Amino acid sequence: MSIKRIDSTPRMSRIVEHGNTIYLCGQTAKDANADIKEQTVTTLEKVEELLEKAGSDKKHILSVTIYVRDMKDFAAMNEVWDAWVVDGYQPARACVEARMARPELLVEMSVVAAKKEA
């Protein structure tokens, strides 16, 4: 099977497609100075935008790994996540506390999804 890389830089690709599987690079907030809820909202917006570009959507997410800077934000992040995820289409998920690339980042998500069938 071929591998398609979309929006690539010398370091990484924002989207990688292999067969009917889509891999997104780690997504972070549009405004890193916002609180955890707003960072989660805009991170999920970016996930949706990239999935659409790759021919998928949030109903086709297979798994998500969520990184939070501090587990004290876990409940607030989950409030946003729970309102966003489509009932009946919940992906496999892991959430871990992690040191971020920049200290103002509070959440990052790595997504694997299936392409929508044509």
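Residues numbered from 1 in each chain as written. Predicted model: local features only at pLDDT ≥ 70, side-chain atom pairs only at ≥ 80, totals over all residues. Heavy atoms only, no water.

As annotated in an unreviewed UniProt entry, the chain carries the name Enamine deaminase RidA (YjgF/YER057c/UK114 family) and comes from Marinifilum flexuosum. Under the Sequence similarities (unreviewed entry) heading, UniProt states for the chain: "Belongs to the RutC family." (UniProt positions renumbered as here; feature names shortened; annotations may be inferred.)

Engineer: Break down the packing of aromatic side chains for me, citing the residues and quoting the values.
Structural biologist: For the structure shown, the criterion picks out 1 aromatic pair. Between the aromatic rings of Trp81 and Trp84, the centroid separation amounts to 5.3 Å while the plane-to-plane angle is 45°, which identifies the pairing as tilted. Of the two residues, Trp81 and Trp84 both sit in helix α2 (residues 74-84), 3 residues apart, roughly one turn of that helix. Exposure remark for Trp81: the relative accessible area of 5% places this residue in the buried category. Here Arg93 stacks its cationic end above the ring of Trp81, 5.3 Å away from the centre of that ring. (Phe/Tyr/Trp six-rings, centres within 6.5 Å; stacked < 30°, edge-to-face > 60°. Helix = DSSP H or I, 4+ residues; strand = E, 2+ residues; numbered from the N terminus. Buried < 20%, exposed > 50% of the residue type's maximum accessible area, 1.4 Å probe, protein only. Lys NZ or Arg CZ within 6 Å of the ring centre and 35° of its normal.)

Engineer: Pulling in residues and values, what's your account of helix α1 (residues 36-53)?
Structural biologist: Its 18 residues place the ends of α1 26 Å apart at the C-alpha level, agreeing with the 26 Å of an ideal helix rising 1.5 Å per residue. For α1, the set of buried residues is Ile36, Gln39, Thr40, Thr42, Thr43, Leu44, Lys46, Val47, Leu50 and Leu51. On its buried face, α1 is in contact with β2 (13-18), β3 (21-24), β4 (27-28), β5 (61-68), α2 and β7 (107-114). At the N-terminal boundary of α1, the capping side chain belongs to Asp35, with an oxygen 3.2 Å from the backbone nitrogen of Lys37. (Expected span 1.5 Å × (residues − 1). Contact = heavy atoms within 4.5 Å. Polar contact = N/O pair within 3.5 Å; in protein donor to acceptor, adjacent residues only side chain to side chain.)

Engineer: Which residues make up the pairing of strand β6 (residues 92-97), and what are the values?
Structural biologist: Look at any regular strand and the pattern is simple: side chains alternate between the two faces of the sheet. Relative to β6, β5 runs parallel, the two being bridged by 6 bridges. Paired with Val68 across the bridge in β6 is Glu97. Each parallel crossover has a hand, and the one from β5 via α2 to β6 is right-handed. (Pairing = 2+ DSSP bridges. Right-handed = clockwise from strand over helix to strand, strands pointing away.)

Engineer: A description of the environment of Ser13 should follow, citing residues and the corresponding values.
Structural biologist: Here Ser13 shows up in strand β2. Between the alpha carbons of Ser13 and Arg99 there is a distance of 22 Å; along the sequence they are 86 residues apart. Ignoring anything within four residues of it in the chain, the contact list for Ser13 reads Arg5, Ile6, Asp7, Ser8 and Cys25. A distance of 2.6 Å separates the side chain of Ser13 from the side chain of Ser8, its partner in a polar contact.

Engineer: Describe the nonpolar core, and please don't skip the residues or the numbers.
Structural biologist: Membership of the largest hydrophobic core comes to 26 residues, with the highest contact counts inside it found for Leu24, Ile61, Ile66, Met77 and Trp81. Looking at this core, the elements that each hand over two or more residues are β3, α1, β5, α2 and β7. Setting aside its immediate chain neighbours within four residues, Met77 contacts Ile36, Thr40, Ile66, Val68, Arg93, Cys95 and Val107. (Core = buried A, V, L, I, M, F, W, Y, C linked by side-chain atoms within 4.5 Å.)

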